[in-house]
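# Results of the structural survey
So you can see what is in the structure, the chains are spelled out below.
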Amino acid sequence: MTVAPPPAGTVDDDGSPWHAEGASLSTRYDVALLDLDGVVYRGADPVAGAPEALAAARAAGMRMAFVTNNASRTPQQIVAHLGELGVPAQPDEVVTSAHAAATLAVERLGPGGRVFVVGGDGLRDAVAGVGLVLVERYDAVPAPQMVVQGFSPDLRYEDLAQAALVVAAGADWVATNADATLPTSRGLQPGNGTLVAAVAAAAGRQPVVAGKPERALVDEAVRRSGAQHPLMVGDRLDTDIAGAVRAELDSLLVLTGVSTVADLLAAAPAARPTYVGASLAALGAAQTPIADFGTLPTQRRTGWQAETWPGSLRLTRTGAGPADPLDAVRTLIAAAWAGLDAGEPVTRVAVDPALEASLLAAGVPGELFPATPAPDAGPSTTLAGDARAGR
């Protein structure tokens, strides 16, 4: 993935050509494709600082598309919830997996196709809105041709049972998403993927999935928002970031939801974000892509340097000026990815005690820090010049 180009004719304040490195994310990208749960809010509560960060990004010219795998609510209901949290939005800025599932369904059946819907009002409205006919029972005559299944906290066992009967009889099947969990203010709860698994176990089949990490929802969001240079923003590597990779979009992972620094260190190429931020405040900052943190100029510029040898890493400060502790985490992530790609995952990190404490506070797994210092002997090379890292 590469940093998106700026709008045509964009220049820096001094009139020179636009430089990606000095610009905030909110000015480098025209639309933020924002996941909701774990990014903007958790259940009924806003993520700390999210309303202010989004307001600042809008003021900088960035447009918003609120893109969620949760298909249970209508755009109007989501807008009302966002407004209660201090995040003004319009219904046409909301794109749910219900929209993507409805688009998939009508492409597969054609207008007038008969659909048994398992889910909330958001899904029912989206399916009816593309010209499909809602069938209320599994044994209706004529029979339903498809099941479209999404999450709703009000689902009953009977809903899942009827869906399984329709699917087992040979009907097509589209699921809004396959998220196993749903982040809430009470913690992680069962998501739509758990309910889809119940139907799959009974029917002996698997659905076509519309939501992230599949492309259908991402493509729907890009189309509806008219984005030219979108940035996917999410809290989950396995859905938000993997969806961005599949759609060939740049992405920002925020550490306010499900995925952690430990998950990032072990991330496969198919689920690696372009950027990492502590929260949505990262939209207002200039960032360097994580993949570039392994180069010596970047290391010197950010104030951190990684030196590697097989399975181990020494992380040190470069220079006496201020340095962002999160850049130390980004440098560590870049080193871990290089090691994974070379078949030599980083298993130990040598740092001074003060840095170790800040890395632990940022979520770096404590087991990476050895009880005794890493050896000084042996081939120790900077990440930028490490042939094993493919640099």
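In what follows, the structure referred to is the one given above.
First, a word on what this report is: a plain description of the structure on this page.

## Some words on the overall build of the protein chain
Helix and strand counts for the protein chain stand at 13 helices and 19 strands. Out of the 391 residues belonging to the protein chain, those deemed buried represent 53%. Intrachain contacts of the protein chain at a sequence separation of at least 6 include 69% that bridge at least 24 residues. Carbon and sulfur atoms provide 55% of the accessible area of the protein chain, an area that totals close to 16200 Å².

## Concerning the nonpolar core
Among the nonpolar cores identified, the biggest contains 34 residues, and I333, V349, L359 and V364 are the most heavily contacted of them. Going through the elements one at a time, α9 (237–246), α10 (261–265), β16 (304–309), β17 (312–317), α12 (325–341) and α13 (353–361) are the ones with two or more residues in this core. Counting residues per element, this core draws most heavily on α12, which supplies 9 residues. Apart from the residues lying within four places of it in its own chain, the contact partners of V364 are V261, V329, L332, L359 and F369.

## Some words on the sheet that holds strand β14 (residues 250–254)
Paired through backbone hydrogen bonds, the strands of a sheet run either parallel or antiparallel to each other. Strand order in this open sheet of 6 strands is β5-β4-β1-β13-β14-β15, and the pairing throughout is parallel. In this open sheet, the two strands that pair with only one neighbour each are β5 (94–96) and β15 (275–277). Within the sheet, the average angular offset between the axes of one strand and its neighbour, ignoring direction, is 25°. Strand contacts of helix α2 (residues 50–59): β1 (31–34) and β4 (63–68), with the helix running at about 135° to β4, the strand carrying the most contacts.

## What about the environment of A171?
On the secondary structure map, A171 appears in the loop between α6 (157–168) and β9 (172–175). Considered as a pair, A171 and F116 are 55 residues apart in the sequence and their alpha carbons are 9.7 Å apart. Setting aside chain neighbours within four positions, we find A171 in contact with P144, Q145, M146, V166 and R205.

## Digging into the environment of E367
Mapped onto the secondary structure, E367 falls in the loop between α13 and β19 (381–382). Its relative accessible area of 65% is what places E367 among the exposed residues. Taking the C-alpha atoms as reference points, E367 and T347, separated by 20 residues in sequence, lie 8.3 Å from one another.

## Focus on the sheet that holds β9
With parallel pairing, the 5 strands of this open sheet are ordered in space as β7-β6-β8-β9-β12. Looking at strand neighbours, the two that pair on one side only are β7 (133–135) and β12 (208–209), the edges of this open sheet. Here strand β6 (residues 114–118) pairs with β7 via 3 bridges, running parallel. Directly across from R114, in β7, lies its bridge partner V133. Where α6 meets the sheet, its contacts fall on β6, β8 (146–149) and β9, and the angle it forms with β6 comes to roughly 145°.

## Considering unusual backbone geometry
In this structure, the amide linkage connecting V141 to the following residue, P142, adopts the cis form with an omega of -5°. Note on placement: P142 falls in the loop between β7 and β8. A cis amide bond, omega 15°, links K212 with the succeeding residue P213.

## Brief notes about the packing of aromatic side chains
One pass over the structure, following the stated rule, counts 1 aromatic pair. Ring geometry for Y29 against Y275: centres 6.3 Å apart, planes inclined by 80°, an arrangement best described as edge-to-face. Linking Y29 in the loop between α1 (25–28) and β1 with Y275 in strand β15, this pair joins segments that are 246 residues apart in sequence. Residue Y29 is classed as buried on the basis of its relative accessible area of 2%. Its end group placed over the ring of W304, R317 keeps NZ or CZ at 5.2 Å from the ring centre.

What counts and what doesn't
Residues numbered from 1 in each chain as written. Predicted model: local features only at pLDDT ≥ 70, side-chain atom pairs only at ≥ 80, totals over all residues. Heavy atoms only, no water. Helix = DSSP H or I, 4+ residues; strand = E, 2+ residues; numbered from the N terminus. Buried < 20%, exposed > 50% of the residue type's maximum accessible area, 1.4 Å probe, protein only. Contact = heavy atoms within 4.5 Å. Areas by Shrake-Rupley, 256 points an atom, 1.4 Å probe, with all protein chains shown as cover. Core = buried A, V, L, I, M, F, W, Y, C linked by side-chain atoms within 4.5 Å. Pairing = 2+ DSSP bridges. Axes fitted to C-alpha atoms, helices over the stretch in contact; angles between N-to-C directions. Phe/Tyr/Trp six-rings, centres within 6.5 Å; stacked < 30°, edge-to-face > 60°. Lys NZ or Arg CZ within 6 Å of the ring centre and 35° of its normal.

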